[in-house]
Amino acid sequence: MKLFDVYPLYKVTPVAAKGIEVTDEQGETYLDFYGGHAVISIGHSHPHYVNRMTEQLQKMAFYSNSIQNPLQVELGHRLGTAATCEDYQLFMCSSGAEANENALKMASFHTGNTKVIAFNNSFHGRTSAAVATTDNPKIVAPLNAQQAVDFVPLNDFGAFESTISQGGHCAVILEAIQGVGGLDQPTTEFYQFVAQKCQEYKVVLIADEVQSGFGRSGKFFAYQHHGIEPDIISIAKGMGNGFPVGGVLIHNKFEPWYGQLGTTFGGNHLACVATLAVLEVIEKENLIDNANELGCYFYGRANEIKAIKKVKGKGLMLGLEFDFPVAELRQRLIYNQRIFTGGSANKNLLRFLPALNITTTHIDVFFERLQLELETNTKE
Ligand SMILES: Cc1ncc(COP(=O)(O)O)c(C=O)c1O
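Here is what the cut-offs are and how they apply
- Residues numbered from 1 in each chain as written.
- Predicted model: local features only at pLDDT ≥ 70, side-chain atom pairs only at ≥ 80, totals over all residues.
- UniProt positions renumbered as here; feature names shortened; annotations may be inferred.
- Helix = DSSP H or I, 4+ residues; strand = E, 2+ residues; numbered from the N terminus.
- Rg over C-alpha atoms; globule rule 2.2 N^0.38 Å.
- Buried ≥ 20, exposed ≤ 12 C-beta atoms within 10 Å, placed from the backbone.
- Contact = placed C-beta atoms within 7 Å.
- Domains from an automatic or database assignment.
- Nonpolar A, V, L, I, M, F, W, Y, C, P; charged D, E, K, R; others polar.
- Axes fitted to C-alpha atoms, helices over the stretch in contact; angles between N-to-C directions.
- Parallel < 35°, antiparallel > 145°, perpendicular 65-115°, else oblique.
- Left-handed = near helix turned anticlockwise from the far one by under 90°.
- Near = placed C-beta within 6 Å.
- Pairing = 2+ DSSP bridges.

- You'll find the protein entered in an unreviewed UniProt entry as Acetylornithine transaminase, with Croceitalea dokdonensis DOKDO 023 given as the organism.
- The UniProt entry for the protein carries the following text under Cofactor (unreviewed entry): "pyridoxal 5'-phosphate".
- Recorded under Sequence similarities (unreviewed entry), the UniProt text for the protein is reproduced unchanged: "Belongs to the class-III pyridoxal-phosphate-dependent aminotransferase family."

The following block contains the structure:
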């Protein structure tokens, strides 16, 4: 059977990875400033993570949600403390889209409404309601397009107010830093306005922290830069450092009932241990502070390079905007400089999403190699 061909692939076959380095089948080493799309939070094969996962695997990998699982309870406590989200309840699933799907479903159960407000350039995943709230008609099948979603430009107070005041919305879903869309952010005033209007119109505010959560933005959650409190927070990606795990933090004001949400794989033993190991490393190695400090360092280095028109993002969720499409530059960085970077819906934006424990030396190497490629580009 051949593969269903939906992914355009770079000609690289990684077979091993350690820290920020990825090695291919020819033994060539690459620096991973992409983290498999913001997934690798504590570095590839971190020894603590490997030990914890190995130990758990030898004991028990999986059982369903029909038995008691103390690891889920422990994770709820640890996550509540680490994220200062003690007033929330944890529901575990296995991906970012599934997290948003459940978040939207909870909002609809809670309010009895069906319409959702999302923002231009948003990305919330590829499942039913999640993809309907994603601003990319190409990936929305007619089946998904049945969902009633109002798209509003980010930071447009008037458009937001006139939309929410029409009534009938169950949720507003918002990324505090747009990932796939290209690192645009709501201003603090706008995020606070959205939160206030959600309260006024009794609409559930969902913070999509699938990409920006778990310390990537320099705070545990990116919404925490704005002094607001969402009703529901969706998480995945960096949470498991590569193990497929997602979750929803649901405010205590939501009352669960048996059977309301469910999934076979969500919160299995290995998924819990992967997340616990990530939290332990984030805490032990002060990775949120590191993300903050290195984000500032990155801005400083980027501002020295003329070809870079704009630096975007926060912490280690960063991007460099050029005045040309970066697709070819990304290829050159891989094949000539052995560096992985990310792209986005903004074709001129090169994204930088490394593990949170990189060092200033890694950033220096990144800019040296980027500079080399930019110089080659202008000589041709
Ligand atoms: C902000 C955001 N939400 C949701 C998703 C979907 O996550 P997944 O691919 O795990 O379903 C993504 C994936 O890139 C994302 O960036």
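Topic: the overall build of the protein
Logical step 1: Counting secondary structure elements, the protein contains eleven helices and 14 strands.
Logical step 2: Relative to its length of 380 residues, the protein is compact, with a C-alpha radius of gyration of 21 Å against a globular reference of 21 Å.
Logical step 3: In terms of overall dimensions, the protein has C-alpha extents of about 60 × 55 × 45 Å along its principal axes.
Logical step 4: In the protein, buried positions account for 48% of the 380 residues.
Logical step 5: Long-range pairs, those at least 24 residues apart, make up 73% of the contacts in the protein between residues at least 6 apart in sequence.

Quick word on the domain arrangement of the protein
Logical step 1: Here the domain parsing of the protein yields domain 1 (14-46 + 286-353 + 368-379) and domain 2 (47-284).
Logical step 2: Each of domain 1 and domain 2 has a C-alpha centre, and these two points are 26 Å apart.
Logical step 3: Every element with two or more residues in the side of domain 1 that touches domain 2 is listed here: α1 (35-38), α9 (287-302), β11 (310-314) and β12 (317-321).
Logical step 4: When residues of the side of domain 1 that touches domain 2 are assigned to their parent elements, the largest contribution, five residues, is made by α9.
Logical step 5: Considered class by class, the residues forming the side of domain 1 that touches domain 2 number eleven nonpolar, eleven polar and two charged.

What to know about the packing of helix α2 (residues 47-59) against helix α8 (residues 269-284)
Logical step 1: Between α2 and α8, the least distance of the axes is 9 Å, while the angle of their chain directions is 155°. The angle between the axes of α2 and α8 places the two elements in the roughly antiparallel class. Remark: the crossing between α2 and α8 carries right-handed chirality. Judged by residue contacts, His48, Tyr49, Arg52, Met53, Gln56 and Leu57 of α2 engage His269, Leu270, Val273, Ala274, Leu276, Ala277, Glu280 and Val281 from α8.
Logical step 2: The residue inventory of the contact of α2 with α8, partitioned by class, reads nine nonpolar, three polar and two charged.

Thoughts on the site of the ligand
Logical step 1: Close to the ligand lie 15 residues, the nearest being Gly96, Ala97, Gly125, Val210 and Gln211.
Logical step 2: By residue number, the principal contributor to the shell around the ligand is helix α4 (residues 96-111), which donates three residues.
Logical step 3: Residues that form the shell around the ligand fall into these classes: five nonpolar, eight polar and two charged.

Notes on unusual backbone geometry
Logical step 1: Phi is positive for Asn121, which is not a glycine, with a value near 75°.
Logical step 2: Summarising the element assignment, Asn121 is placed in the loop between β5 (115-119) and α5 (128-132).
Logical step 3: Overall, Asn121 belongs to the buried group, with 21 C-beta atoms counted inside 10 Å.
Logical step 4: Notably, Arg338 is not glycine yet its phi reads approximately 60°, a positive angle.

A word on the sheet that holds strand β9 (residues 232-235)
Logical step 1: Across the sheet, seven strands lie side by side as β4-β10-β9-β8-β7-β5-β6; this open sheet has mixed pairing. Edge positions in the open sheet fall to β4 (88-93) and β6 (149-152), since each of these has one partner strand only. When the angles between neighbouring strand axes are averaged without regard to direction, this sheet yields 20°.
Logical step 2: As paired strands, strand β8 (residues 204-208) and β9 are joined by three bridges and run parallel to one another. Residue pairing across strands places Asp208 opposite Ser234, the latter belonging to β9.
Logical step 3: Each of β7 (169-174) and β8 touches helix α7 (residues 188-200); the most contacted strand, β8, lies at about 145° to it.

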